[in-house]
Amino acid sequence: QLQLVESGGGLVQPGGSLRLSCAASGNIFSIYTMNWYRQAPGKQRELVAGITGGGSTNYPDSEKGRFTISRDNAKKTVYLQMNSLKPEDTAVYYCNGVRLGHAYWGQGTQVTVSS
């Protein structure tokens, strides 16, 4: 199993930046593909970014250029750098780890973009 704990959320002004972290414990971290999802009130959870164990990244077209996912396998941590934040980025951000059909989720961290 994989236990995931997100941190780094908070209140930021439009145009600002945040870096989210997701610390993993349990199984061998490097073999998991790690993803960041978000869920805004009244909306479905959506993929924000993904990264394989080898470091290949994947972004939905809507997020390319503003968000950057990275990982440090030695620290068992995945990061999400978010720049040029907009009010519509307000959501709970979740860390997700997947391997061979098994998926694990963190508890989420709130990001609020507001002036």
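Structural data are supplied above this passage.
A brief structural summary. (Residues numbered from 1 in each chain as written. Predicted model: local features only at pLDDT ≥ 70, side-chain atom pairs only at ≥ 80, totals over all residues. Heavy atoms only, no water.)

**Brief notes about the pattern of salt bridges**
No. 1: Within the structure shown, the criterion is met by 3 salt bridges.
No. 2: The salt bridge involving Glu46 is made with Arg38; its shortest N-O contact spans 2.7 Å.
No. 3: Relative accessible area serves as the criterion here: at 8%, Arg38 is assigned to the buried category.
No. 4: Residues Arg38 and Asp89 are paired through a salt bridge, measuring 2.9 Å at the closest nitrogen-oxygen approach. Note that Arg38 is positioned in strand β4 (residues 33-39) and Asp89 in the loop between β8 (77-82) and β9 (91-99), a separation of 51 residues in sequence. This pair shows no difference in class: Arg38 is buried, exactly as Asp89 is. (Salt bridge = Lys/Arg side-chain N within 4 Å of Asp/Glu carboxyl O. Buried < 20%, exposed > 50% of the residue type's maximum accessible area, 1.4 Å probe, protein only. Helix = DSSP H or I, 4+ residues; strand = E, 2+ residues; numbered from the N terminus.)

**Considering the state of the cysteines**
No. 1: Across all of its chains, the model carries 1 disulfide by this definition.
No. 2: Through a disulfide, Cys22 is tied to Cys95; the S-S separation comes to 2.1 Å. Measuring handedness by torsion sign, the sulfur bridge of Cys22 and Cys95 sits at about -85° and is left-handed. Taken together, the residues Cys22 in strand β3 (residues 18-26) and Cys95 in strand β9 connect sequence positions 73 residues apart.
No. 3: Residue classification places Cys95 among the buried positions, given a relative accessible area of 0%. (Disulfide = S-S within 2.5 Å.)

**Digging into the environment of Gln81**
No. 1: Turning to its location among the elements, Gln81 is positioned in strand β8.
No. 2: For the pair formed by Gln81 and Ser17, sequence separation is 64 residues and the distance between their alpha carbons is 7.4 Å.
No. 3: Among the polar contacts made by the side chain of Gln81, one reaches the side chain of Asn83 at a distance of 2.9 Å. (Polar contact = N/O pair within 3.5 Å; in protein donor to acceptor, adjacent residues only side chain to side chain.)

**Here's the deal with the side chain of Arg71**
No. 1: You can see Arg71 is positioned in strand β7 (residues 67-72).
No. 2: Among buried Asp, Glu, Lys and Arg side chains, Arg71 stands out as unpaired, with Asp72 the closest opposite charge at 8.3 Å.
No. 3: Within the structure, Arg71 has its side chain in polar contact with the backbone oxygen of Thr52 (distance 3.0 Å).
No. 4: Once residues within four sequence positions are removed from consideration, Arg71 is found in contact with Phe29, Ser30, Tyr32, Thr33, Met34, Ile51, Thr52, Gly53, Thr77 and Val78. (Lys, Arg positive; Asp, Glu negative; His and termini not counted. Contact = heavy atoms within 4.5 Å.)

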